[in-house]
Amino acid sequence: MPIRWRDAMNQALYGPDGFFVAGGGPAAHFRTSVHASPAFTTALLRLLTQVDAALGHPPRLDVVDVGAGRGELLRALVGLAVGVSGEPAHSGRSGLIPAWSGSPETLTPAASARRSPDEPSSVTVRQSLAERVRFTAVEYADRPENLPEEINWTAEIPDGITGLLIATEWLDNVPLDVAVHTEDGWRYVLVDPDSGMETIGEPVTPDDLDWLTTWWLDLTGSPSATSDPDPGLTSTDATSGSESGFRAARLAQGSSLTARSRPGCPETPHSNHRAEIGRPRDEAWANAVRKISRGLAVAVDYGHLSGDRPVDGTLTGYRGGRQVPPVPDGTSDVTAHVAMDSVASAGAAVARCAYSMVPQREALRALGADGGRPPLSLAGTDPAGYVRALAAASAVAELTDPAGLGGHLWLRQPVGIPLGSVVAR
């Protein structure tokens, strides 16, 4: 029996036998930044130290990963922050991102000279961070075996977060409805969960119609000119979709798994005006921001902006490293790109302060991941070091490639702290 896409996605992804609840988890089917390179986690650790400083080094520092998969990101963060022996680990230890002067990982020579014998060293500062940080994974699946005991596992975002909330490719899997613009106006698209066959259903509700005319298309079929209903609350320096590669397609480097970067699916019926109604995602992000007492919320996802919405939508599926038709039967991922400006506006209305939105390649480079090749002269003086540095640069290059993972948008929403203190430029 055909049902609305939001209901079909919810059951297919998060039902008892849903894609994200049963089986080995999303890492077996597609490749995200977390899976691609340790450089991503290293950059997030640096961001965490910035948030910690902006908060004044609170006695408890939360790190909450929403849509945690099987805990891959937090496992890596625990390893970096605590180290395998319980000692604090330098974030540049892997060589993927060298520590920068004056960072928590290093002291400048002048600072070292000024430090008195009784003053804590940079290592002591990192120990303090390791002692104060609390990791929480938010996921509907059962807690994985052998997950480090430092990681709390829960199905709901906790209240009163002080620290960093991370949502990496979470919003694109928040279930939503699909609509088509007909001669009678906007109507829901219905889908048969078993076959994926679509039919046209009833007219959309007033709330969904308001979202569509504000953020997707007005009733005349022209692109909406609205970019933000309250510009005084938000700011954005995101580039356009065409510049950021949101609609590009490519295989993830070094893996048979596909980075989820391709919109649409040729097997899916199309309309001249097909839309994915992002209102549930706005609400989900606003709720996540509302859970933060003080700190920073970061959403990392493929997305599009007003004026550059995809005419056919972006709904598609992934299974076993391949893009497949979006059949909501629970055997594959069903995903759609995020209307990031709409989500950003909803979060800013809750936080009542400005947000920042930039492509992933810009965000990571600001955190030290530039992907630059090592100087050729290093090959003559330290051949092994040159090979290691070259491999590290290749890993970062995948994260910053605008035609792949680098096409992600980073939405950064501070709560109760200055935007500039956690947005490196």
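Residues numbered from 1 in each chain as written. Predicted model: local features only at pLDDT ≥ 70, side-chain atom pairs only at ≥ 80, totals over all residues. Heavy atoms only, no water.

(A) Broad picture of the overall build of the protein chain. From N to C terminus, the protein chain includes 13 helices and 19 strands. Burial analysis of the protein chain (425 residues in total) assigns 54% to the buried set. For the protein chain, restricting intrachain contacts to residue pairs at least 6 apart in sequence, the fraction spanning at least 24 positions comes to 76%. Working note: accessible area of the protein chain is about 17400 Å², and carbon and sulfur atoms make up 53% of it. (Helix = DSSP H or I, 4+ residues; strand = E, 2+ residues; numbered from the N terminus. Buried < 20%, exposed > 50% of the residue type's maximum accessible area, 1.4 Å probe, protein only. Contact = heavy atoms within 4.5 Å. Areas by Shrake-Rupley, 256 points an atom, 1.4 Å probe, with all protein chains shown as cover.)

(B) Up close: unusual backbone geometry. You will see that Glu-169, though not glycine, has its phi angle at about 50°, which is positive. Even without glycine at this site, Arg-352 takes up a positive phi of about 55°. With respect to the helices, strands and loops of the structure, Arg-352 is situated in the loop between helix H10 (340–351) and strand E18 (356–359). Look at Arg-352 and you get exposed, because its relative accessible area is 62%.

(C) Main features of the nonpolar core. Among the nonpolar cores identified, the biggest contains 37 residues, and Leu-47, Val-63, Leu-77, Phe-135, Leu-164 and Trp-410 are the most heavily contacted of them. Those elements that provide at least two residues to this core are helix H3 (38–54), strand E3 (61–66), helix H4 (72–82), strand E4 (133–138), strand E5 (151–154), strand E6 (161–168), strand E12 (292–301) and helix H11 (360–366). If one sorts the elements of this core by residue count, H3 sits on top with seven residues. Other than its neighbours up to four places away in sequence, Val-63 contacts Leu-48, Leu-74, Leu-77, Val-133, Arg-134, Phe-135, Thr-136, Leu-164 and Ile-166. Residues Val-138, Ala-167, Ala-297 and Met-357 belong to the second largest nonpolar core, which totals 30 residues. (Core = buried A, V, L, I, M, F, W, Y, C linked by side-chain atoms within 4.5 Å.)

(D) Local environment of the pattern of salt bridges. Tallied over the entire structure, the rule returns ten salt bridges. Between Asp-52 and Arg-132 there is a salt bridge, and its shortest N-O distance comes to 2.8 Å. In this pair, Asp-52 is assigned in helix H3 and Arg-132 in helix H6 (residues 122–132), connecting sequence segments 80 residues apart. Note on Asp-52: relative accessible area 4%, which makes it buried. Of the charged contacts, one joins Asp-159 and Lys-291 as a salt bridge, the two residues approaching to 2.8 Å between their closest N and O atoms. Residue Asp-159 is found in the loop between E5 and E6, and its partner Lys-291 is found in the loop between helix H9 (279–290) and E12; the two are separated by 132 residues along the sequence. (Salt bridge = Lys/Arg side-chain N within 4 Å of Asp/Glu carboxyl O.)

(E) Quick look at the packing of H9 against H10. Where H9 meets H10, the axes come as close as 8 Å, and the angle between the chain directions of the two elements is 35°. For H9 against H10, the interelement crossing comes out right-handed. Contacts between H9 and H10 involve Arg-281, Asp-282, Trp-285, Ala-286, Val-289 and Arg-290 from the first element and Ser-342, Val-343, Ala-346, Gly-347, Val-350 and Ala-351 from the second. Here the residues of the contact of H9 with H10 sort into seven nonpolar, two polar and three charged. (Axes fitted to C-alpha atoms, helices over the stretch in contact; angles between N-to-C directions. Left-handed = near helix turned anticlockwise from the far one by under 90°. Nonpolar A, V, L, I, M, F, W, Y, C, P; charged D, E, K, R; others polar.)

(F) Local environment of the sheet that holds strand E15 (residues 322–324). Spatial ordering of the open sheet is given by E15-E14-E16, a layout of three strands whose pairing is antiparallel. Pairing within the sheet leaves two strands with one partner each, and these edge strands are E15 and strand E16 (333–335). The mean inter-strand angle of the sheet, taken between neighbouring strand axes irrespective of direction, is 35°. The sheet contact formed by strand E14 (residues 316–319) and E16 spans three bridges and is antiparallel. (Pairing = 2+ DSSP bridges.)

(G) Representation of the sheet that holds strand E19 (residues 409–415) in the model. With mixed pairing, the seven strands of this open sheet are ordered in space as E5-E4-E3-E6-E12-E19-E18. The two strands at the open ends of the sheet, each matched to only one other strand, are E5 and E18. Neighbour-to-neighbour, the strand axes of the sheet open up by a mean angle of 20°, direction not taken into account. Note that E18 and E19 share four bridges and pair antiparallel. Opposite Pro-359, over in E19, you have Leu-409 as the bridge partner.

(H) Looking closely at the environment of Val-358. You can see Val-358 is positioned in strand E18. Look at Val-358 and you get buried, because its relative accessible area is 0%. Placed 52 residues apart in sequence, Val-358 and Trp-410 show a C-alpha to C-alpha distance of 5.4 Å.

(I) Quick peek at the confidence of the model for the protein chain. When pLDDT is averaged along the protein chain, the result is 76; 64% of the residues meet or exceed 70. In this model, residues 83–127 is a region of pLDDT below 50 whose contacts with residues beyond four sequence positions or in other chains number 66 contacts. Within the model, the stretch residues 261–271 combines pLDDT values under 50 with 43 contacts to residues more than four positions away or in other chains. (pLDDT = per-residue confidence, 0-100.)

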